[in-house]
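Residue strings, one per chain:
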Amino acid sequence: MIAKLKIMAERVLTVGGGGREHAIVDALARAGAEVCAVMKNRNPGIARLAKEVLLAKETDVAKIVHFARELSIGLAIVGPEAPLEAGLSDALRIEGIGVVGPSRRAARMETDKGFARSLLAKHDVPGNLRFGVFDELAPAIEFAKDADFQLAVKPVGLTGGKGVKVEGEQLKDKGETISYIKEVFDRSIGGIGVVLEEKIAGEEFTLQAFVDGTRVVPMPLVQDHKRAFEGDLGPNTGGMGSYSMQDHLLPFVEKEDLAMAMESMRRTVEALRREDCEYRGVLYGQFMLTSKGPRIIEFNARFGDPEAMNVLPLLESNFVDICHGISNGDLSGSNVSFARMATVCKYVVPAGYGLEPKANLPIEVDEKAVAREGARVFYAAVNEDQGRITTSSSRAVGIVGIASDLEGAEASCERALMHVKGEAIYVRHDIGRKEIIDKKVARMRAIRG
Ligand code: AMP
Ligand code: GLY
């Protein structure tokens, strides 16, 4: 008798219900995985692709570990930062599950800005800034008064991207800077403590990489747009949209700049290893390109949102293999390649997002029509109930145009956006357009001199 060989699809656990996680689940499904998803909202895109769904708090470590054990999960990918801080990666590893996502200690690169800056300084990682870390108010104020440079004020802990304020921008002058430092301590914004660092000027870019503890394998560069309104105005948000180019660089970033940013990433990973905080996961480097080259604004311990939606649809290699490489500490055998295409992602958000968002309104996406325009839909913080999709107070739907160049990708994204219907929704249409990119290139040229 000939035994029938049945190739079982690999079961992979994902945590998170945003646009980033929809892109992760989509890449896993393309790689033939059977996805079991944990999320707090019922993301219709993820729910459709997943075999099992658990609606739960993403920081409920015990519940998630139980779910993973019941389903005999072998591999897990943690999307957002909060579960990393709650120790989910550590708990899953104890169960013998391979995890894409750093340990709680290594995730301090994102969850503790004081730890991150101090580590970079101790190991002389290139691209660091002048800074001070304070867990008491009086010395922080003294540092601010004495500083002969403008400051960025950063609560040490997680604030959902909304706690950082910069002198000359959100903070009018030194007086406002000092008031904000007081407020951070008084209201314990982002935990107890503050990082004060030198304000720098330039254009920002995101470098995401797969990291196996030692090796750092880059993904295409992306530029996110954090400000709520067109022309990069208004309050900072989680990110309104982003673009990437067919050459995997950006219009204002040269190969040499990328090489320097990569060196900062490699040296950071090495520093973590030396501190007994081996890093296995996706490392997100937020850089600002200045007259002195790329400088480090911050690190995140995960894919970016929206940036994951730019790069993952372009991944040509098998994502499950890459995830195994990360979790086993050996990416040497994974050949990682991305299609040489441009992408433009624009987030559809509730009107008032960043200030006073309108929530719980119906939103409809004609997915077939979006696909006909050469674009992709990634659902984010929406809820599905009996086929009806409603918004929440956060970002609703990411639309990603993909084409051989940026102009084509932007046009595809815009055509696709016509197939998203909702009351009180808002999109930053300028993202990926020639006018705003030309301005960025000119600004960078002036800074470089
Ligand atoms: P973060 O939450 O650390 O990404 O900071 C939010 C935004 O504040 C960044 O995207 C930058 O635009 C700005 N920012 C942060 N740190 C600095 C800095 N040292 N100098 C100038 N701008 C900064
Ligand atoms: N796009 C910014 C972030 O993911 O933190």
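Residues numbered from 1 in each chain as written. Chains lettered and ligands numbered in written order. Predicted model: local features only at pLDDT ≥ 70, side-chain atom pairs only at ≥ 80, totals over all residues. Heavy atoms only, no water.

1. Notes on the overall build of the protein
Per the secondary structure count, the protein includes 15 helices and 25 strands. Its C-alpha atoms give the protein a radius of gyration of 21 Å, within 12% of the compact-globule value 22 Å for 449 residues. C-alpha atoms of the protein, sized along the principal axes, occupy 80 × 50 × 40 Å. Nonlocal contacts in the protein, meaning residues at least 24 apart in sequence, comprise 68% of its contacts between residues at least 6 apart. For the protein, the accessible area works out to roughly 18800 Å², and carbon and sulfur atoms hold 49% of it. Placing the 59 positive and 64 negative side-chain charges of the protein at their respective mean positions leaves the two points 1 Å apart. (Helix = DSSP H or I, 4+ residues; strand = E, 2+ residues; numbered from the N terminus. Rg over C-alpha atoms; globule rule 2.2 N^0.38 Å. Contact = heavy atoms within 4.5 Å. Areas by Shrake-Rupley, 256 points an atom, 1.4 Å probe, with all protein chains shown as cover. Lys, Arg positive; Asp, Glu negative; His and termini not counted. Charge placed at Lys NZ, Arg CZ, Asp CG, Glu CD.)

2. Some words on the site of ligand 2
The full set of residues close to ligand 2 is Asp-224, Gly-238, Tyr-284, Asn-300, Arg-302, Gly-304, Asp-305, Pro-306 and Glu-307. Gly-238 has a polar backbone atom sitting 3.5 Å from a nitrogen atom of ligand 2. Asp-305 has a polar backbone atom sitting 2.9 Å from an oxygen atom of ligand 2. Contact with the protein chains removes 91% of the 200 Å² of surface that ligand 2 exposes when unbound. Here the residues of the shell around ligand 2 are counted per class, giving two nonpolar, three polar and four charged. (Near = heavy atom within 4 Å. Polar contact = N/O pair within 3.5 Å; in protein donor to acceptor, adjacent residues only side chain to side chain. Nonpolar A, V, L, I, M, F, W, Y, C, P; charged D, E, K, R; others polar.)

3. Quick look at unusual backbone geometry
Of the consecutive residues Asp-305 and Pro-306, the connecting peptide bond is found in the cis state with omega at 20°. Mapped onto the elements, Pro-306 comes out in the loop between strand S17 (293-300) and helix H11 (307-311). Residue His-248 is not a glycine yet carries a positive backbone phi of 70°. Mapped onto the secondary structure, His-248 falls in the loop between strand S15 (241-244) and helix H10 (255-274).

4. Looking at the pattern of salt bridges
Evaluated as defined, the whole model comprises 38 salt bridges. For Lys-440, the salt bridge is made with Glu-203, and the minimal N-O distance between the two is 3.7 Å. Residue Lys-440 is found in helix H15 (residues 434-448), and its partner Glu-203 is found in strand S10 (residues 203-212); the two are separated by 237 residues along the sequence. One connected set of salt bridges, linked through shared partners, spans Glu-203, Asp-232, Arg-428, Asp-430, Lys-440 and Arg-443. (Salt bridge = Lys/Arg side-chain N within 4 Å of Asp/Glu carboxyl O.)

5. A short note on the packing of aromatic side chains
Considering all chains together, one arrives at seven aromatic pairs under this definition. Summarising the aromatic geometry, the rings of Phe-134 and Phe-143 are spaced 5.2 Å apart at their centres and angled 55° between planes, so their arrangement reads as tilted. Residue Phe-143 is classed as partly exposed on the basis of its relative accessible area, which comes to 22%. Taken together, a centroid distance of 6.5 Å and an interplanar angle of 85° make the contact between Phe-287 and Phe-299 edge-to-face. Residue Phe-287 is located in strand S16 (residues 280-290), and its partner Phe-299 is located in strand S17; the two are separated by 12 residues in the primary sequence. Phe-299 carries the same exposure label as Phe-287, and that label is buried. Aromatic rings pair up to connect Phe-205, Phe-287 and Phe-299 into one cluster. In this structure, Arg-108 is placed above the aromatic ring of Phe-115, and the distance from its NZ or CZ to the ring centre is 4.0 Å. (Phe/Tyr/Trp six-rings, centres within 6.5 Å; stacked < 30°, edge-to-face > 60°. Buried < 20%, exposed > 50% of the residue type's maximum accessible area, 1.4 Å probe, protein only. Lys NZ or Arg CZ within 6 Å of the ring centre and 35° of its normal.)

Without other data, these values stay purely geometric and don't point to any function.
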